[in-house]
Amino acid sequence: MKKALKRIGIVVIILLIAVGAYVAYVFGTYYRLPDKLTLEVKRNGENSYFDNNQDITTGKFYWIMTYNIGFGAYRRDYSFFMDGGKSSWAKDEESVIAGICGMGEIINNVNPDFVLLQEVDIDGTRSYHVDQLELMNQFVKGYYYTYAQDYDSPFLFFPPWEPHGANEAGIVTYSRNKITDAMRRSLPISESFSKLVDLDRCYSISRIPMDNNKYLCIYNIHMSAYGSSDAIREGQLAMLFGDMETDFKNGNYVICGGDFNHNLKADNDENAPDWAFPFPKESLPDGFRMAIDGAREEDIAHNSCRNANEPYNEETTYTVTLDGFIVSDNVTVNYYANMNWGYELSDHDPVIMQFRLD
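Residues numbered from 1 in each chain as written. Predicted model: local features only at pLDDT ≥ 70, side-chain atom pairs only at ≥ 80, totals over all residues. Heavy atoms only, no water.

(A) Focus on the overall build of the protein chain. The helix and strand inventory of the protein chain stands at 4 helices and 18 strands. The C-alpha extent of the protein chain, read off along each of the three principal axes, is 85 × 45 × 40 Å. If you take every contact in the protein chain between residues at least 6 apart in sequence, the share linking residues at least 24 apart comes to 75%. With the model as given, the accessible surface of the protein chain reaches about 15700 Å², and the carbon-plus-sulfur share is 52%. The centroid of the 31 positive side-chain charges in the protein chain is displaced by 7 Å from the centroid of its 51 negative side-chain charges. (Helix = DSSP H or I, 4+ residues; strand = E, 2+ residues; numbered from the N terminus. Contact = heavy atoms within 4.5 Å. Areas by Shrake-Rupley, 256 points an atom, 1.4 Å probe, with all protein chains shown as cover. Lys, Arg positive; Asp, Glu negative; His and termini not counted. Charge placed at Lys NZ, Arg CZ, Asp CG, Glu CD.)

So, in structure tokens, the structure goes:
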């Protein structure tokens, strides 16, 4: 009996040492990128269909799209463990590649002047190490683009049945016209354990010169979803609005798009999960408005995001509009729509907008 207890004690000690070592590894490797990081601007080949060297002009209409591509995992039958579902990884490598290619085809068919993407995996256990930016670049040809990292996790051993692993992902901004400079801003996040899954939230600012010596400033954002308090939400929006207001006061044109992880339609929804917090429109700075507020009801009847707590069921799955655009008052919105792809390729569907700079 003494020998058995001794062996059990040794096993317990070994397990405690292993757990302690893993916890030390996770917290020891945790880091955040510095704020106000200059982003590298690249160009994805040539495209004779359009002239990238022309400055943007006032009085002309342009198209912009935002799309959270969900690291290529979210098909209609997919549920995500962080939302109360089952899976942590995509089904397989082939489905990831097919999903990214499908979303690349959608972008090609819309043929927008600007594209904002979120949840683009560069190298991830959850997405079978498919470089999704490289793959997407095979479809979005000839554009200038920037990549801003907002997720780079150590190897996470949860959930135990399918450990989420180590993943690097970010947000990508594409522009037909030349981006002359771009910056990454680090958003405030929770300092609790939840920071390990909400790792390094940020937004990017891409500045594109115009023919009137001003700039079109395009903000790409993916706000926190998990474990966010009121203070974190307010802090993230305060930073974002401060930068936008400064650009607008300098005479520039501002469009902010992406996944706000806030309900952009309703002021209150009793059935909404915690991550679908109503967007505080009253906090928008002077000179800005939500573009969705001017849209026709039939164009935004479809919501841009579904809950991933279960495979998509049109009758039972909760849906909400988290994705969209904020514009400054010198931007006229001519058309705005939540595209309806039935969440076939992601838990988000894209949002498109046609605009003019006045």
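(B) Up close: the sheet that holds strand β10 (residues 253-259). Pairing is mixed across the open sheet formed by 7 strands, whose spatial order is β1-β7-β8-β9-β10-β16-β13. The two strands at the open ends of the sheet, each matched to only one other strand, are β1 (37-38) and β13 (288-290). As paired strands, β1 and strand β7 (residues 181-186) are joined by 2 bridges and run antiparallel to one another. Within β7, the residue paired with T38 across the bridge is M183. (Pairing = 2+ DSSP bridges.)

(C) Region of the structure containing the pattern of salt bridges. Enumeration according to the criterion identifies 16 salt bridges in this entry. For R233, the salt bridge goes to D230, with nearest N and O atoms at 2.9 Å. With R233 and D230 both in helix α4 (residues 230-249), this residue pair falls 3 residues apart, about one helical turn. (Salt bridge = Lys/Arg side-chain N within 4 Å of Asp/Glu carboxyl O.)

(D) Broad picture of unusual backbone geometry. Cis geometry marks the peptide bond from F158 to P159, where omega comes out at -5 degrees. Even without a glycine there, the phi angle at K36 is positive, about 55 degrees. Topologically, K36 is positioned in the loop between α1 (2-29) and β1. In this model, F71 sits at a positive phi of 45 degrees, which is unusual for a non-glycine residue. Here F71 is to be found in the loop between β3 (61-68) and α2 (93-110). F71 sits in the buried class, given a relative accessible area of 1%. (Buried < 20%, exposed > 50% of the residue type's maximum accessible area, 1.4 Å probe, protein only.)

(E) Representation of the packing of aromatic side chains within the structure. One pass over the full model with this rule turns up 20 aromatic pairs. Measuring from centroid to centroid gives 5.9 Å for W63 and Y335, while their planes differ by 65 degrees, and the two rings are edge-to-face. You can see W63 sitting in strand β3 and its partner Y335 sitting in strand β17 (residues 331-338), a full 272 residues away along the chain. The exposure class assigned to W63 is partly exposed, which follows from its relative accessible area of 28%. What links up through ring pairs into an aromatic cluster is the set F71, Y74, Y78, F80, F81 and F158. Residue placement shows R126 over the ring face of F71; its charged tip is 4.0 Å from the ring centre. Against the face of F277 rests R233, its NZ or CZ located 4.1 Å from the ring centre. (Phe/Tyr/Trp six-rings, centres within 6.5 Å; stacked < 30°, edge-to-face > 60°. Lys NZ or Arg CZ within 6 Å of the ring centre and 35° of its normal.)

(F) Representation of α2 within the structure. Look at α2: 26 Å from first C-alpha to last across 18 residues, which is about the 26 Å you get at 1.5 Å a residue. When α2 is considered as a whole, its buried residues turn out to be S95, V96, G99, I100, M103, G104, I106 and I107. Where α2 begins, the capping side chain belongs to D92, and its oxygen is found 3.3 Å from the backbone nitrogen of E94. N111 lies just past α2 and shows a positive phi near 60 degrees. (Expected span 1.5 Å × (residues − 1). Polar contact = N/O pair within 3.5 Å; in protein donor to acceptor, adjacent residues only side chain to side chain.)

(G) Local environment of the pairing of β7. With 6 bridges connecting them, β7 and strand β8 (residues 202-209) associate as antiparallel partners. Bridge pairing in β8 places S186 opposite C202.

(H) View of the nonpolar core. Counting 50 residues, the largest nonpolar core has L216, L240, I326 and F355 as its most contacted members. Considering each element in turn, this core owes the most residues, 5 residues, to strand β9 (residues 215-222). For L216, the residues in contact, after removing those within four places along its chain, are I56, F114, S206, R207, I208, M210, Y253, I255, F355 and L357. F81, V120, I122 and Y145 belong to the second-largest nonpolar core, a separate cluster that totals 35 residues. (Core = buried A, V, L, I, M, F, W, Y, C linked by side-chain atoms within 4.5 Å.)

(I) Summary view of the pairing of β3. Counting buried positions along β3 yields 6 of 8 residues, so the element is predominantly enclosed. Note that β3 and strand β18 (residues 351-357) share 6 bridges and pair antiparallel. Pairing of F61 across the sheet is with R356, part of β18. Pairing analysis gives 5 bridges linking β3 to strand β4 (residues 114-124), with the strands arranged parallel. Looking at the pairing, T66 lines up with L116 of β4.

Don't take any of this as a statement about function, it's just geometry.
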